[in-house]
Amino acid sequence: MAKALIVIDMQNDFCPEGALAVAGGDQIVAPINALMQQADAVILTQDWHPENHSSFADNHPGASAFSTIDMPYGQQVLWPRHCVIGTAGAEFHPGLDLSRADLVLRKGFRPDIDSYSAFFENDHSTPTGLAGYLRERGLTELTFVGLAHDFCVSWSAIDAAKLGFSVSVIEEATRAIDLDGSRDAARRSMKEAGVTLD
Ligand code: VGL
Ligand code: ZN
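Residues numbered from 1 in each chain as written. Chains lettered and ligands numbered in written order. Predicted model: local features only at pLDDT ≥ 70, side-chain atom pairs only at ≥ 80, totals over all residues.

The name that an unreviewed UniProt entry assigns to the protein is Nicotinamidase, with the source organism given as Paracoccus seriniphilus. According to UniProt, the comment filed for the protein under the heading Sequence similarities (unreviewed entry) is "Belongs to the isochorismatase family." (UniProt positions renumbered as here; feature names shortened; annotations may be inferred.)

Quick look at the structure:
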């Protein structure tokens, strides 16, 4: 039973002063670095969007950030432009220990679809390949930390549970965007999916 720590989107744009800052996002860097020392494997995800990404409000004339639109794959929140490929905002927080990472998985690189989860794009069916990677390595126990609790962390944890992994989220090592109660909704959905909240 090997254990993987999956660190979601610990990037500058999600930390204070970033384009889509999550309150207290930088406070979880040190706890995450400490958790890395106990894991058999460490995987980092990196939100990685092209300029023309359909999740950016300013690519939809007249739309405002944090509003919702209907996409062919379902509802999509429109975000401020963030984590654009090659920009400083897309880089990992400078304090994050990158030396323990076995794999950096980029997601959200297709212009027409967002990808909150580390396992599937937002259509819930296009795989990122992460499940196959973990299974081949025998990494069956997954712990999720990082940003943001109520979007990329919870979507990843729920997909992992559905895929049959044993899943926990260490909430102290996450922070939420909390859009219209999304933090509590995410907690409920994770519990329903069988995710352990530590
Ligand atoms: C995220 C919104 C847009 C996240 C990524 O990492 O939770 N949220 N892109
Ligand atoms: Zn994004």
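Asks: Help me understand helix α1 (residues 29-36), please; the structure alone is not making it clear to me.
Replies: One full turn of an α-helix is made of 3.6 residues, so residues set three or four places apart face in the same direction. Of all the residues in α1, the buried ones are Val29, Ile32 and Met36. All buried residues of α1 fall inside an arc of 65° around its axis, so they share one side. Considering only its buried residues, α1 is in contact with β1 (2-8), β2 (41-47), β6 (139-147) and β7 (166-175). (Buried ≥ 20, exposed ≤ 12 C-beta atoms within 10 Å, placed from the backbone. Helix = DSSP H or I, 4+ residues; strand = E, 2+ residues; numbered from the N terminus. Arc of directions from axis to C-beta. Contact = placed C-beta atoms within 7 Å.)

Asks: Would you mind going over the sheet that holds β7 with me for this structure?
Replies: Adjacent strands of a sheet form backbone hydrogen bonds with each other and so pair up, either parallel or antiparallel. Taken together, the 6 strands give an open sheet; going across it, the order is β5-β2-β1-β6-β7-β8, and neighbouring strands pair in parallel fashion. With partners counted over all chains shown, the strands left at the sheet margins are β5 (101-107) and β8 (196-197), one partner each. Summarising the sheet, β7 and β8 pair through 2 bridges and their orientation is parallel. Opposite serine 168, over in β8, you have threonine 196 as the bridge partner. Packed onto the sheet, α1 meets β1, β2, β6 and β7 and runs at close to 145° relative to β7. (Pairing = 2+ DSSP bridges. Axes fitted to C-alpha atoms, helices over the stretch in contact; angles between N-to-C directions.)

Asks: What's the story with the environment of glycine 138 in this structure? I'm lost.
Replies: Assignment of secondary structure puts glycine 138 in the loop between α2 (130-136) and β6. For the pair formed by glycine 138 and alanine 2, sequence separation is 136 residues and the distance between their alpha carbons is 6.3 Å.

Asks: Help me understand the UniProt feature "domain: Isochorismatase-like" (unreviewed entry) in the protein, please; the structure alone is not making it clear to me.
Replies: The UniProt entry lists residues 4-196 under the feature "domain: Isochorismatase-like" (unreviewed entry), expressed in the numbering used here. For residues 4-196, the helix share is 21%, the strand share is 24%, and the end-to-end C-alpha distance is 15 Å.

Asks: Explain helix α3 (residues 149-162) here, please?
Replies: Counting buried positions over the 14 residues of α3 gives 12, a clear majority of the element. Buried residues belonging to α3 abut β1, β6, β7 and α4 (182-192). Just downstream of α3, glycine 164 is the residue with a positive phi angle, here 95°.

Asks: It is not clear to me how the environment of alanine 21 should be interpreted in this structure. Could you clarify?
Replies: Of note, alanine 21 is situated in the loop between β1 and α1. Along the sequence, alanine 21 and histidine 82 sit 61 residues apart, while their C-alpha atoms lie 9.5 Å from each other. Contact partners of alanine 21, with chain neighbours within four places excluded, come to Phe14, Cys15 and Pro16.

Asks: Got a minute to help me understand the nonpolar core in this structure?
Replies: Within soluble globular proteins, side chains that are nonpolar tend to cluster in buried spots. Ala4, Ile6, Val7, Ile32, Ala148 and Ala157 are the most contacted members of the largest nonpolar core, which totals 50 residues. Those elements that provide at least two residues to this core are β1, α1, β2, α2, β6, α3, β7 and α4. For this core, the element with the most residues is α3, which contributes 7 residues. Discounting chain neighbours no more than four positions away, the residues touching valine 7 are Ile32, Val42, Leu44, Val145 and Gly146. (Core = buried A, V, L, I, M, F, W, Y, C linked by C-beta atoms within 7 Å.)

Asks: Help me understand the packing of α3 against α4 in this model?
Replies: For the pair α3 and α4, the least separation of the axes is 10 Å and the interaxial angle reads 10°. Considering their axes alone, α3 and α4 lie roughly parallel with respect to each other. Across the interface between the two elements, His149, Asp150, Ser154, Ala157 and Ile158 from α3 touch Ser182, Arg183, Ala186, Ser189 and Met190 from α4. (Parallel < 35°, antiparallel > 145°, perpendicular 65-115°, else oblique.)

Asks: Looking at this model, I keep getting lost on the pairing of β2. Mind explaining?
Replies: Residues in a regular strand project their side chains so that they alternate between the two faces of the sheet. For β2, the tally of buried residues reaches 7 of 7 residues, placing the bulk of the element in the interior. Going residue by residue along β2, you find Ala41, Ile43, Thr45 and Asp47 tucked away on one face and Val42, Leu44 and Gln46 tucked away on the opposite face as well. Taken together, the 4 bridges between β1 and β2 define a ladder with parallel strand orientation. From the neighbouring strand, leucine 5 faces β2, where its bridge partner is valine 42. Read as a crossover between parallel neighbours, the route from β1 over α1 to β2 is right-handed. (Right-handed = clockwise from strand over helix to strand, strands pointing away.)

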